[in-house]
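# Secondary and tertiary structure notes
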Amino acid sequence: MKSQIKKIENYIPEEPIESVKKRLGLDKLVRLSANENPFGTSPKVKEAILNWNFGEENRYPDGYANDLRNKIADFIGVVPEKLVFGVGLDEIITMISRIFLEAGDEVILSKPTFSEYALHAQIEGAKVIEVPCLPENGHYDFEGFLKQITDKTKVIWICNPNNPTGTYEDVDTLKTFFDSVPDNILILLDEAYIHYVTKTKNASFLSELENYKNVMLLRTFSKAYGLANYRVGYAVMDEKLANYMQAVRLPYNLNSLAQVAAIAALSDQDFVNNSVEKTQIERDNWENFFKENKIKYYVSQANFIFFNYPDANKLADELLKNGYQIRRGLLKNWLRVTIGSEKDGDNLRSIILKNKEI
Ligand SMILES: *Cc1c(COP(=O)(O)O)cnc(C)c1O
């Protein structure tokens, strides 16, 4: 066994909603802890699944996901050979770590950020170097990143907008940073929440990717497309890098229903736009609430918001008793709430206010 495995703490996945309800004796539980799309999924997904060619269960799926590949390539304007698919971005993150990291290599990432990056680096025996976000506004400390680069640095993870801070770094800021990073270091740019950026029209780094051969861009169907259950993620990169990824990828990773569902979800951009619109309105409600009540938070361009609360655990318990699950444990005394419906938001905010007055 790899000796580093013994030191790793298991990732604890979200407990199923029914099981939390039973455990706590709740009639109703609204899960706002996993950044899933609270507005559901496009109805086109169900339609496509029901129209699937049943009777082919005994056949392996299309291992190259040709139809989905061509449609995404067309939609985002790249050649299909630049895409690599994974069973969610989780699998892409696993593949990247497996391919590019060896024991003793160094990985630089922000603190706090998505925990999977560090987990898979540790599994490969790499050393994880954390650069704290800027405490005043939660943004990336890019100067701090540059100071940590050594001969051993192999991989840099950038999550934009960042989970859990919600902060968004614009394309020019990223370009300036990427220009200062040596070409032999792989930069992973995770755009899981890019659809929720509303402050600018061209939020994605995609249009610049051609000029940065050492940058890989990561996207998922789990968030704005509301397809978390089907596990579809993809990465966009230089064809040469894509070939390495294809060599390691399990040959039939996406099953046919996942491919069919993702194609249907992609075809319904109205659903995505509508989810983003509702999220933006509710996000404004949250920001106004935090400002009015002098609760420290970071300005979010994602479908969640990160805020500081003196006794965060107690508040999270109180919310849970009232049927709302939000995310704790990411940074001491900070909580992350997924932005849901306005009605649930109003309920949550009044519980927080009551709790604050006690
Ligand atoms: C949710 C999330 C993912 C997506 O994971 P999937 O495996 O595609 O569901 C990737 N990166 C970040 C930062 C996330 O928050």
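Numbers given to residues run from 1 along each chain, matching the order in which its sequence is written. Side-chain atom pairs in this predicted model are given and counted only at pLDDT of 80 or more, local residue features only at pLDDT of at least 70, and totals for whole chains, interfaces and linings cover all residues. The side-chain numbers reported here are obtained from all heavy atoms of the structure, hydrogens and water having been left aside.

### Focus on the UniProt feature "domain: Aminotransferase class I/classII large" (unreviewed entry) in the chain
In plain terms, the rule: UniProt positions are given in the numbering used here, feature names are shortened, and annotations may be inferred rather than shown by experiment. Comment: elements are numbered from the N terminus, with helices defined as DSSP H or I runs of at least four residues and strands as E runs of at least two.
Per the UniProt annotation, the sites labelled "domain: Aminotransferase class I/classII large" (unreviewed entry) are residues 28–348. In this annotation, residues 28–348 is assigned 38% helix and 17% strand; the end-to-end C-alpha distance for the span is 14 Å.

### Details of the packing of aromatic side chains
Note the following rule: Aromatic rings from Phe, Tyr and Trp, with only the six-membered ring used for Trp, were paired whenever their centres fell within 6.5 Å, and each pair was classed as stacked if the ring planes differed by under 30 degrees, edge-to-face if by over 60, and tilted otherwise. Our definition puts a charge over a ring when NZ of Lys or CZ of Arg is within 6 Å of the ring centre and also within 35 degrees of the ring normal.
Scanning all chains against the criterion turns up 25 aromatic pairs. Three or more aromatic residues link up through ring pairs in this structure, and these residues are Tyr 140, Phe 142, Phe 145, Phe 177, Phe 178, Phe 205 and Tyr 212. Sitting over the ring of Tyr 64, Arg 69 keeps its end group 3.5 Å from the ring centre. A cation sits over an aromatic face here: Arg 336 above Phe 304, 5.7 Å from the ring centre.

### Considering the domain arrangement of the chain
Definition in use: Residue ranges for the domains originate in an automatic or database domain assignment. In short, buried area is how much 1.4 Å probe accessible area vanishes from two parts on joining, totalled over both. A side-chain nitrogen of Lys or Arg and a carboxyl oxygen of Asp or Glu constitute a salt bridge if their distance falls within 4 Å. Within 3.5 Å is the distance limit for a polar contact, defined as a pair of N or O atoms, with the added protein rule that one can donate a hydrogen and the other accept it, and that residues adjacent in sequence qualify only through two side-chain atoms.
By domain assignment, the chain separates into domain 1 (3–41 + 270–357) and domain 2 (43–267). Taken over C-alpha atoms, the centre of domain 1 sits 24 Å from the centre of domain 2. Buried surface at the junction of domain 1 and domain 2, both sides included, amounts to about 2500 Å², of which 62% is carbon and sulfur. Looking only at domain 1, the three residues that lose the most surface to domain 2 are Thr 41, Tyr 298 and Gln 301, adding up to 26% of its buried area. If you look at where domain 1 meets domain 2, you find 0 salt bridges. For the pair domain 1 and domain 2, the number of links is 13 residue pairs in polar contact (both at pLDDT 80 or more). Elements with a minimum of two residues in the side of domain 1 that touches domain 2: helix H10 (269–292) and strand S9 (304–308).

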